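Geometric and topological summary
Now for the letters of each chain:
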Amino acid sequence: MTFVFPHDFTWGAATASYQVEGAVREDGRTPSIWDTFCALPGTVRDHSSGEVACDEYHRYPEDIKLLKELGVNAYRFSISWSRIFPEYDGKVNQKGISHYLNVLDALRDADITPVVTMY
């Protein structure tokens, strides 16, 4: 038996900002709760963290190209609160906003629907 997906089926991929972005000390980003947690002795067996992760912060154009080559037409990603509101005082970090706007533009240019989660 062969199953064929409908022509309008949405193929997607998903990530979480801490798991892929890296660049934890760049462009005004401050530590998130995950940065703080991973830095506590004994919490992560191999002492790994999201400091570099997949470096999507710098490599998102390559990552989006790979998504397109895979035939993905939707991408769920999260926006790091500590990148857009680094001091938790309501002041917006424009560099963080610009980064995410660039990601959104690149996804749209690749005909990939962005699906955003705020974390």
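The structure displayed is predicted, hence computed values, not measured ones.

Across its full length, the protein chain carries five helices and three strands. Helices and strands appear in the protein chain in the N-to-C order β-α-α-α-β-α-α-β. When its C-alpha atoms are laid out on the principal axes, the protein chain stretches across 50 × 35 × 20 Å. In the protein chain, buried positions account for 34% of the 119 residues. Counted over contacts in the protein chain with a minimum sequence separation of 6, partners at least 24 positions apart contribute 77%. Within the structure as shown, the protein chain displays about 7,900 Å² of accessible surface, and the carbon and sulfur contribution to it stands at 59%.

Enumeration over the complete set of coordinates arrives at eight aromatic pairs. On the basis of an interplanar angle of 50 degrees and a centroid distance of 4.5 Å, the ring pair of Phe5 and Phe9 is categorised as tilted.

Quick look at the environment of His99 now. In this fold, His99 is placed in helix α5 (residues 94–109). For His99, a relative accessible area of 7% puts it in the buried group. C-alpha separation for the pair His99 and Leu40, spaced 59 residues apart in sequence, amounts to 29 Å. When near neighbours in sequence (up to four residues on either side) are disregarded, His99 contacts Glu21, Tyr57, Tyr60 and Arg83.

Attention shifts here to the pairing of strand β2 (residues 74–79). Two faces belong to every sheet, and in a regular strand the side chains alternate between them. Across the six residues that make up β2, a large majority, five, are buried. By the bridge criterion, three bridges tie strand β1 (residues 12–14) to β2 in an arrangement that is parallel. Its bridge partner lying in β2, Gly12 is registered against Ala74.

This next bit is on α5. Its 16 residues give α5 an end-to-end C-alpha distance of 22 Å, which sits within 8% of 22 Å, the value for a rise of 1.5 Å per residue. Turning to α5, its buried residues are Gly96, His99, Tyr100, Val103, Leu104 and Leu107. The buried residues of α5 occupy an angular sector of 135 degrees when the element is viewed end-on, so they sit on one face. Across from the buried face of α5, at angles greater than 90 degrees, the exposed residues are Lys95 and Asp109. Contact partners of the buried residues in α5: α3 (56–70), β2, α4 (81–84) and β3 (113–118). Immediately beyond the C-terminal end of α5, within one or two residues, lies Asp111, with a positive phi of roughly 60 degrees.

Bringing α3 into the picture now. Its 15 residues place the ends of α3 only 17 Å apart at the C-alpha level, less than the 21 Å of an ideal helix rising 1.5 Å per residue. Most pronounced at Glu62, the bend in α3 amounts to some 40 degrees. The complete set of buried residues in α3 reads Glu56, Tyr57, Tyr60, Ile64 and Leu67. Buried residues along α3 sit against β1, α1 (17–20), β2, α4 and α5. Just beyond α3, the residue with positive phi is Gly71, at close to 85 degrees.

What counts, and where the lines are drawn
- Residues numbered from 1 in each chain as written.
- Predicted model: local features only at pLDDT ≥ 70, side-chain atom pairs only at ≥ 80, totals over all residues.
- Heavy atoms only, no water.
- Helix = DSSP H or I, 4+ residues; strand = E, 2+ residues; numbered from the N terminus.
- Buried < 20%, exposed > 50% of the residue type's maximum accessible area, 1.4 Å probe, protein only.
- Contact = heavy atoms within 4.5 Å.
- Areas by Shrake-Rupley, 256 points an atom, 1.4 Å probe, with all protein chains shown as cover.
- Phe/Tyr/Trp six-rings, centres within 6.5 Å; stacked < 30°, edge-to-face > 60°.
- Pairing = 2+ DSSP bridges.
- Expected span 1.5 Å × (residues − 1).
- Arc of directions from axis to C-beta.
- Bend = angle between axes of the 7 residues up to and from the residue.

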